[in-house]
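Spelled out from the first residue to the last, the chains are:
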Amino acid sequence: MDPADLIWMNGEFVAWEDAKVHVLTHGLHYGTGVFEGVRCYDTAAGPAVFRHADHIDRLFKSSELYYMPVPFEKEALRQATLELVARNGFRSCYIRPLITRGYGTMGLFPLDAPVDVAIAAWEWGAYLGDEGKTNGIRAKVSSWRRISPDSLIPHAKATGQYLNSVLAKVESHKAGYEEAILLDDNGHVCEGSGENIFVVDDGVVTTPPQTASILDGISRKSIIQIMRDMGIEVVERDLARAELYLADEVFVCGTAAELTPLREIDDHPIGAGRPGELTVAVQTAYEDALHGRSERYREWLDVVPAELYEAAATSEVVA
Ligand SMILES: Cc1ncc(COP(=O)(O)O)c(C=O)c1O
């Protein structure tokens, strides 16, 4: 990760190297934080944050689920993000808003600890690699089960919960695969360690339902809509592990990974062992939406106002 110039912390822009917290920050010890992964793309209308309002909404929902009142309005975080992108001079970047219990109290009762909010941004390529996006990746079904709603909150994007994904990701890498697929306690397919999953069989696309132990992915929602607009049948239901192996095509999607095809799962080649026709067509349509090439999905883009770049350039001259 290459450092950027500025990070936004609790209402102020600070230099990247000064964006520090105390070692007794509550979230560092107990995982009491929630976050988002957002991307900004360079489009013909200017750099644009993809589904910005949806990401901020989910951030607030995650925060609510962990009893963290956010000390900023949604619109303030939106404006701060747009300004952060412009002031760092980014045309495209990954954006990481984080809300966490800060420094002040220790122990498991978190409600007296302050709630800190930060937004960082940096330039970040395809999470599972450009090669993976083109030719597909190899995945392994993890021995770790996806967190269940009995013990945590699969629908919250909470920092502590990601230990589950970390274990699965490390296991898959050590075994020589690029990604892990997690099942739930009943053996149903949930998702990748940081992506939702889709299976294509006989032209029908199936994905675990929103009520499964998955993160309610924003890429997932977007891709479901795009596929339905393309006239593709999409079914949301439980998926058996064997359906992964027998599928014609499988792909995963997430803000970081975008749409990445799977070419092999647990050493079973998927289809012909390369990205299938439907996957490539949907990937192309999705990339068009992300990069503002599709009129139909223009409303998903929150364009960074040109004035913010101009203001950033002027203040640099003054400084
Ligand atoms: C566990 C998990 N599932 C799914 C996703 C995909 O969600 P989104 O498309 O909103 O990025 C992510 C990434 O945020 C994730 O971490």
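1. Details of the side chain of Ser148
Relative to the assigned elements, Ser148 resides in the loop between strand S8 (137-141) and helix H5 (162-174). Reaching out from Ser148, the side chain makes a polar contact with the backbone nitrogen of Asp150 at a distance of 3.0 Å. Contacts of Ser148, omitting those with residues within four sequence positions, involve Pro154, Asp185 and Ser213.

2. Observations concerning the pattern of salt bridges
Applying the stated criterion across every chain yields a total of 22 salt bridges. The closest approach of N and O atoms between Arg91 and Asp42, which form a salt bridge, is 3.6 Å. You can see Arg91 sitting in the loop between helix H3 (74-87) and strand S6 (93-101) and its partner Asp42 sitting in strand S4 (residues 38-43), a full 49 residues away along the chain. By relative accessible area, which is 41% here, Arg91 ends up partly exposed. A relative accessible area of 38% means that Asp42 is categorised as partly exposed. A salt bridge links Arg138 to Asp267; the nearest nitrogen and oxygen atoms lie 3.3 Å apart. Pair noted here: Arg138 is in strand S8 and Asp267 is in the loop between strand S15 (258-265) and strand S16 (268-269), with a separation of 129 residues, a long-range link. For Arg138, a relative accessible area of 19% gives the class buried. A cluster of three or more residues bridged by salt bridges with shared partners is formed by Arg39, Lys133, Glu258 and Glu287.

3. Observations regarding the nonpolar core
Formed by 38 residues in total, the largest nonpolar core has its most connected members in Leu77, Val85, Ile95 and Ile99. Of all the secondary-structure elements, those providing two or more residues to this core are strand S1 (6-9), S4, helix H2 (52-65), H3, S6 and strand S7 (115-122). The leading source of residues in this core is S7, at seven residues. Among residues more than four places away in sequence, those in contact with Leu77 are Trp8, Ile56, Leu59, Phe60, Val70, Phe72, Val117 and Ile119. With 24 residues, the next largest nonpolar core counts Ala48, Val205, Leu278 and Val282 among its residues.

4. Concerning the state of the cysteines
Summed over all chains, the structure comprises zero disulfides. Free cysteine: Cys190, not disulfide-bonded; nearest cysteine sulfur from Cys253 at 15 Å. Residue classification places Cys190 among the buried residues on the basis of a relative accessible area of 1%.

5. Here's the deal with the packing of aromatic side chains
Overall, the coordinates contain 10 aromatic pairs when judged by the stated rule. Seen in terms of ring centroids, Phe50 and Trp300 are 5.7 Å apart; in terms of plane orientation they differ by 85 degrees. Their pairing is edge-to-face. Within this pair, whereas Phe50 is found in strand S5 (residues 46-50), its partner Trp300 is found in the loop between helix H8 (277-290) and strand S17 (301-303), the two being separated by 250 residues in sequence. Both residues of the pair, Phe50 and Trp300, count as buried. Aromatic rings pair up to connect Phe50, Tyr286, Tyr297 and Trp300 into one cluster.

6. What to know about H3
Along its 14 residues, H3 runs 20 Å from first to last C-alpha, staying within 8% of the 20 Å computed at 1.5 Å per residue. Restricting attention to buried positions, one finds in H3 the residues Leu77, Ala80, Thr81, Leu82, Leu84, Val85 and Ala86. Gly89, located one to two residues past H3, shows a positive phi value of around 70 degrees.

7. Observations concerning unusual backbone geometry
Positive phi, close to 55 degrees, is recorded for Glu258, a residue that is not glycine. Note on placement: Glu258 falls in strand S15. Even without a glycine there, the phi angle at Asp267 is positive, about 70 degrees. For Asp267, a relative accessible area of 48% translates into the label partly exposed.

8. Remarks on the packing of helix H6 (residues 218-229) against H8
Axis separation between H6 and H8 bottoms out at 10 Å; the angle between their running directions is 115 degrees. In terms of crossing hand, the pair formed by H6 and H8 is right-handed. Residues Ser219, Ser222, Ile223, Ile226 and Met227 of H6 pack against Val282, Ala285, Tyr286 and Ala289 of H8. Along the lines of polarity and charge, the residues of the contact of H6 with H8 split into seven nonpolar, two polar and no charged.

Procedures and definitions
Residues numbered from 1 in each chain as written. Predicted model: local features only at pLDDT ≥ 70, side-chain atom pairs only at ≥ 80, totals over all residues. Heavy atoms only, no water. Helix = DSSP H or I, 4+ residues; strand = E, 2+ residues; numbered from the N terminus. Polar contact = N/O pair within 3.5 Å; in protein donor to acceptor, adjacent residues only side chain to side chain. Contact = heavy atoms within 4.5 Å. Salt bridge = Lys/Arg side-chain N within 4 Å of Asp/Glu carboxyl O. Buried < 20%, exposed > 50% of the residue type's maximum accessible area, 1.4 Å probe, protein only. Core = buried A, V, L, I, M, F, W, Y, C linked by side-chain atoms within 4.5 Å. Disulfide = S-S within 2.5 Å. Phe/Tyr/Trp six-rings, centres within 6.5 Å; stacked < 30°, edge-to-face > 60°. Expected span 1.5 Å × (residues − 1). Axes fitted to C-alpha atoms, helices over the stretch in contact; angles between N-to-C directions. Left-handed = near helix turned anticlockwise from the far one by under 90°. Nonpolar A, V, L, I, M, F, W, Y, C, P; charged D, E, K, R; others polar.

On their own, these measurements won't tell you what the molecule is for.
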